[in-house]
Amino acid sequence: GARSWRARNGAMGEPKPGIDPLAALAAALEREELPADPAAAAGQVAAALASRGAEGTAQFLALRSARTLLKLAPAETAPTLCSEAVVPRLLEVADDAALDEAVRTEALTCLVNVLFASGTGFVHFDAAQGLERITRMFKGASPPLRLHRCARILNIAVQHLETGRSRGMPGAKERLAGLVQDLSIASTTLLAYLVRRAPGSHSKYGLLLGSSDRLDLALEVLSLQFLLAAQLSPADLASDSPFAEAFTQLGLVLCELLLLPIDLPRAAELKSRVVMVLSFMPPEYSNFLSANAAFPAVVEVLERAIHATVLQNDTEASEGRIIPPLMVLSKAVEASPFARAAIEEIVFPPFGAESASKAANEQQQRQQKMEPENAPPGSLQSHLFRLMSSPSPSVSRLSGEFLWELCGQDSALFVRRTGLGNAAGILQMKGLLGGAEGGAAVQL
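Residues numbered from 1 in each chain as written. Predicted model: local features only at pLDDT ≥ 70, side-chain atom pairs only at ≥ 80, totals over all residues. Heavy atoms only, no water.

(A) Expanded view of the overall build of the protein chain. A tally of regular secondary structure across the protein chain gives 25 helices and 0 strands. For the protein chain, the proportion of its 444 residues judged to be buried stands at 48%. Nonlocal contacts in the protein chain, meaning residues at least 24 apart in sequence, comprise 68% of its contacts between residues at least 6 apart. For the protein chain, the computed accessible surface area is about 21100 Å², with 53% contributed by carbon and sulfur atoms. (Helix = DSSP H or I, 4+ residues; strand = E, 2+ residues; numbered from the N terminus. Buried < 20%, exposed > 50% of the residue type's maximum accessible area, 1.4 Å probe, protein only. Contact = heavy atoms within 4.5 Å. Areas by Shrake-Rupley, 256 points an atom, 1.4 Å probe, with all protein chains shown as cover.)

Given below as structure tokens:
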């Protein structure tokens with residue numbers, strides 16, 4: 001960063017007091033070499049940031065050093081760099097239109113590290129009206145990299161307010177509601193612009209084939225949409241709510257993203273983020289996704305999540321990856337018969353003539369072993385059946401409920417498709433396993 005600054009602005013000339021020590025510190029930190037006393041270095045950087053007469057290069061070097069110190073040694077440097085003196089100054093630099101774009105963006109990057117490093121940093125950020133100022137910057141016309149940093153800061157701020165609300169912080173609930181209302185339309189509009197307006201390209205795949213800054217921004221905005229949607233109640237998502245128009249437009253954009261070819265660069269990452277947002281959307285989205293043939297893309301996200309989890313054998317990671325697509329599919333199956341038919345055809349494809357004949361010949365053997373009707377090794381069905389016995393209670397319950405709804409709550413069909421061993425847990429919870437009253441009970 002300092003080298004590119006010099007390339008744009010010419011040679012530094014004669015050594016200047018205050019710049020050369022900062023340049024040496026920035027160069028060392030760029031190599032991830034911490035100074036012997038990080039706290040003292042933080043004091044040096046804070047003094048440089050506080051100097052309003054410093055030239056642009058000194059400001060840039062101080063900002064770069066500050067954010068790297070917070071990353072490499074947060075415990076030693078946060079008391080100084082997340083202080084009441086430094087945080088408002090970072091906001092001031094980020095909001096100063098007279099400064100070079102590189103300096104303003106570096107100030108925002110430093111603010112991201114401040115909010116990550118210390119809860120006290122957020123207190124000073126909030127006291128300096130940081131949330132309002134960053135929201136205004138986010139809603140303005142700015143380069144993608146600066147908008148990305150603004151979106152990242154807003155993501156962190158929403159999480160801080162959500163934590164404050166859960167702990168009874170005064171005013172946190174009202175501020176969250178106001179922030180959701182303020183950002184829903186702005187973030188949807190920005191996302192639509194990024195998807196549909198690829199500079200220098202008329203390709204509908206311009207977002208994935210163009211600048212990485214635009215794609216990074218789109219991913220960060222989707223994360224923000226996920227956090228905003230998580231704050232909404234079912235009443236907020238109703239057709240007569242103030243958010244209805246924004247989320248209708250959001251649905252159109254999300255569907256466009258889902259239908260992008262999966263083999264394009266980072267398309268899988270983008271689609272996974274889209275599915276996370278969809279997991280909080282109202283049931284009415286199901287008919288829309290069905291009409292636009294988007295469910296195969298959601299199932300594809302689920303399959304990729306399952307394969308990644310199997311390879312890594314990580315239960316905690318499996319919840320974050322697998323639950324969102326399962327939630328989207330489960331809600332769709334419950335909400336719409338059209339969606340259920342579309343998803344059922346993907347998960348349980350009809351037998352061909354040869355398969356049907358083979359199935360008939362092996363019917364007696366299957367009845368004895370109570371194996372699934374059609375689950376070849378490595379198929380989607382076999383993976384879903386494995387999820388029903390996952391060590392994660394959330395994954396096992398949700399996958400079982402999804403398949404139960406997909407079978408129309410028909411216990412005989414459910415057992416035939418999944419096998420009694422896989423089906424037993426769900427049937428037991430519903431009182432339909434051996435000895436339960438009613439003709440629908442499955443007898444061992």
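(B) Just the packing of helix 11 (residues 172-196) against helix 13 (residues 212-230), in detail. For the pair helix 11 and helix 13, interaxial distance at closest approach is 10 Å and the crossing angle is 150°. Considered as vectors, helix 11 and helix 13 are oriented roughly antiparallel to each other. For the element pair helix 11 and helix 13, the recorded crossing hand is left-handed. Facing helix 11, whose interface residues are Leu179, Val180, Leu183, Ser184, Ser187, Thr188, Leu190, Leu191, Tyr193 and Leu194, helix 13 presents Arg214, Leu217, Ala218, Val221, Leu222, Leu224, Gln225 and Leu228. In the contact of helix 11 with helix 13, the residues fall into 13 nonpolar, 4 polar and 1 charged. (Axes fitted to C-alpha atoms, helices over the stretch in contact; angles between N-to-C directions. Parallel < 35°, antiparallel > 145°, perpendicular 65-115°, else oblique. Left-handed = near helix turned anticlockwise from the far one by under 90°. Nonpolar A, V, L, I, M, F, W, Y, C, P; charged D, E, K, R; others polar.)

(C) Broad picture of the environment of Gln181. Within the secondary structure, Gln181 sits in helix 11. A C-alpha to C-alpha distance of 8.9 Å links Gln181 and Leu228, two positions 47 residues apart in sequence.

(D) Looking closely at the side chain of Ser142. Mapped onto the elements of the fold, Ser142 is located in the loop between helix 9 (130-139) and helix 10 (144-166). Residue classification places Ser142 among the buried residues on the basis of a relative accessible area of 17%. A distance of 3.3 Å separates polar atoms of two side chains, one belonging to Ser142 and the other to Arg146. Aside from chain neighbours lying at most four places away, what touches Ser142 is Met137 and Leu147. (Polar contact = N/O pair within 3.5 Å; in protein donor to acceptor, adjacent residues only side chain to side chain.)

(E) Seen up close, the packing of helix 7 (residues 101-117) against helix 10. Between helix 7 and helix 10, the least distance of the axes is 9 Å, while the angle of their chain directions is 20°. The angle between helix 7 and helix 10 falls in the class roughly parallel. The element helix 7 and its partner helix 10 pack so that their crossing is left-handed. Here helix 7 contributes Glu101, Arg104, Thr105, Leu108, Thr109, Leu111, Val112, Leu115 and Phe116 to the contact with helix 10, which in turn contributes Leu145, Arg146, Arg149, Cys150, Arg152, Ile153, Ile156 and His160. When its residues are assigned to classes, the contact of helix 7 with helix 10 shows 9 nonpolar, 3 polar and 5 charged.

(F) Fine view of the state of the cysteines. Counted according to the given criterion, the structure contains 0 disulfides. Among the cysteines around Cys110, which has no disulfide bond, Cys82 carries the closest sulfur, lying 8.2 Å off. Under the relative-accessibility criterion, Cys110 is labelled buried at 2%. (Disulfide = S-S within 2.5 Å.)

(G) Looking closely at helix 5 (residues 74-81). Taken together, the buried positions of helix 5 are occupied by Thr77, Ala78 and Leu81. Angular distribution of buried residues about the axis of helix 5 spans 115°; they occupy a single face of the element. Of the exposed residues in helix 5, those oriented more than 90 degrees away from the buried face are Ala75 and Pro79. Taken together, the buried residues of helix 5 touch helix 3 (38-50), helix 4 (56-72), helix 6 (86-94) and helix 7. (Arc of directions from axis to C-beta.)

(H) Local environment of the side chain of Ser187. With respect to the secondary-structure elements, Ser187 resides in helix 11. A distance of 2.7 Å separates a polar atom in the side chain of Ser187 from the backbone oxygen of Leu183. Here Ser184 takes part through its backbone oxygen, which lies 3.2 Å from a polar atom of the side chain of Ser187. When neighbours within four sequence positions are excluded, Ser187 is seen to be in contact with Phe138, Val221, Leu224, Gln225 and Leu228.

(I) Quick peek at helix 15 (residues 267-278). Over its 12 residues, helix 15 runs 16 Å from end to end, which matches the ideal 16 Å to within 8%, given 1.5 Å per residue. Of all the positions in helix 15, only Ala267, Leu270, Lys271, Arg273, Val274, Val275, Val277 and Leu278 are classed as buried. (Expected span 1.5 Å × (residues − 1).)

(J) A look at unusual backbone geometry. Although it is not a glycine, Glu32 adopts a positive phi angle of roughly 60°. Residue Ala293 is not a glycine yet carries a positive backbone phi of 55°. Position of Ala293 among the secondary structure elements: in the loop between helix 16 (285-291) and helix 17 (295-312).

(K) Examining the confidence of the model for the protein chain more closely. Overall, the predicted model of the protein chain reaches an average pLDDT of 83, with 82% of residues at or above 70. Element-level mean pLDDT values for the protein chain span from 47 in helix 1 (residues 2-9) up to 95 in helix 6. Throughout residues 5-18 the model reports pLDDT below 50, and contacts reaching past four residues in sequence, or to other chains, amount to 12 contacts. Low pLDDT (under 50) marks residues 435-439, which in the prediction has 3 contacts with non-local residues, meaning those over four places away or in another chain. (pLDDT = per-residue confidence, 0-100.)

(L) Representation of the pattern of salt bridges within the structure. The final tally for this structure, using the stated rule, is 17 salt bridges. For the salt bridge of Glu106 with Arg67, the shortest nitrogen-to-oxygen distance reads 2.6 Å. Here Arg67 lies in helix 4 and Glu106 lies in helix 7, a separation of 39 residues in the sequence. Between Lys139 and Asp182 there is a salt bridge whose closest N-O contact spans 2.8 Å. With Lys139 in helix 9 and Asp182 in helix 11, the pair connects residues that are 43 residues apart, well separated along the chain. A relative accessible area of 33% means that Asp182 is categorised as partly exposed. A cluster of three or more residues bridged by salt bridges with shared partners is formed by Asp216, Arg266, Glu269 and Arg273. (Salt bridge = Lys/Arg side-chain N within 4 Å of Asp/Glu carboxyl O.)

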